[in-house]
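# Summary of the model geometry
Now for the letters of each chain:
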Amino acid sequence: MAERTAFVERNTLETQIKVSINLDGTGKARFDIGVPFLEHMLDQIARHGLIDLDIQCKGDLHIDDHHTVEDVGITLGQAFTQAIGDKKGMTRYGHSYVPLDEALSRVVIDFSGRPGLQMHVPYTRASVGGFDVDLFQEFFQGFVNHALVTLHIDNLRGHNSHHQIETVFKAFGRALRMAIELDPRMAGQMPSTKGCL
């Protein structure tokens, strides 16, 4: 089996980002981004998706977190596209429900080749630990646009914003793990009646 790994470097006037990824990893993670709450959430993706992630970013945090959060999503999406390759033999679809105390979220993903995001998270606070929760929409939109996936995110209940967000990221990690899993019954086959994705 070919290694499903990637390294992507993306440099703009606002951010300089390096992402290394191993889709068949053990959940090892290393982050140097400068946005602690984002790093905590990315750790959920690695741990629950069994994806090795190494992300370094120097961004214009003196302005705010916006460009850093969005551009990390973009670069991570590019790394997924590169690591997955032609998609032959992969499961393609993934879904997960994850609870955390009073909060419950559902994430459904399709590596369809068509970017689309439906995100419904009724945050009960505007920020968590100084982090603007609206930026997670930008993170996932960046990921979707560059991983070329259809992604549905629904926080079904919860009143603690930290719990709401953490259930989303844990469910995202689990859904990714299911979708990128290689299915031995699909070996060498494209998971689509169109013959391409």
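Structure shown above.
Below or above, wherever it landed, is the structure these notes cover. All values derive from a computational prediction rather than experimental measurement. (Residues numbered from 1 in each chain as written. Predicted model: local features only at pLDDT ≥ 70, side-chain atom pairs only at ≥ 80, totals over all residues. Heavy atoms only, no water.)

## Observations regarding the pattern of salt bridges
Overall, the coordinates contain seven salt bridges when judged by the stated rule. Between arginine 30 and aspartate 54 there is a salt bridge whose closest N-O contact spans 2.8 Å. Here arginine 30 is found in strand E3 (residues 29-32), whereas its partner aspartate 54 is found in strand E4 (residues 52-59), with 24 residues between them in sequence. Its relative accessible area of 18% is what places aspartate 54 among the buried residues. In this structure, the salt-bridge partner of aspartate 43 is arginine 47, at a minimum N-O distance of 3.9 Å. (Salt bridge = Lys/Arg side-chain N within 4 Å of Asp/Glu carboxyl O. Helix = DSSP H or I, 4+ residues; strand = E, 2+ residues; numbered from the N terminus. Buried < 20%, exposed > 50% of the residue type's maximum accessible area, 1.4 Å probe, protein only.)

## Describing the sheet that holds E3
Taking strand neighbours across the sheet as the criterion, the four strands line up as E1-E2-E4-E3 in an open arrangement whose pairing is mixed. At either margin of the open sheet sits one strand with a lone partner, and together these are strand E1 (5-11) and E3. Taking each pair of neighbouring strands and ignoring which way they run, the sheet shows an average axis angle of 0°. Relative to E4, strand E2 (residues 15-22) runs antiparallel, the two being bridged by eight bridges. Following the sheet pairing, glutamine 16 is matched in E4 by lysine 58. Across the sheet, helix H1 (residues 36-49) lies against E3 and E4, angled at about 160° from E3, the strand it touches most. (Pairing = 2+ DSSP bridges. Axes fitted to C-alpha atoms, helices over the stretch in contact; angles between N-to-C directions. Contact = heavy atoms within 4.5 Å.)

## Things to note about the sheet that holds strand E5 (residues 93-100)
Strand order in the open sheet formed by four strands is E5-E6-E10-E7, with mixed pairing between adjacent strands. The sheet terminates laterally at E5 and strand E7 (116-120), the two strands that pair on one side only. For this sheet, the mean inter-axis angle between neighbouring strands, taken without regard to orientation, is 10°. Note that E5 and strand E6 (residues 103-110) share eight bridges and pair antiparallel. For proline 99, the partnering residue across the bridge sits in E6 and is leucine 104. Relative to E7, helix H3 (residues 135-147) is tilted by about 160°, and along the sheet it contacts E6, E7 and strand E10 (150-157). Lying over the sheet, helix H4 (residues 161-180) contacts E5, E6 and E10, oriented at roughly 150° with respect to E5.

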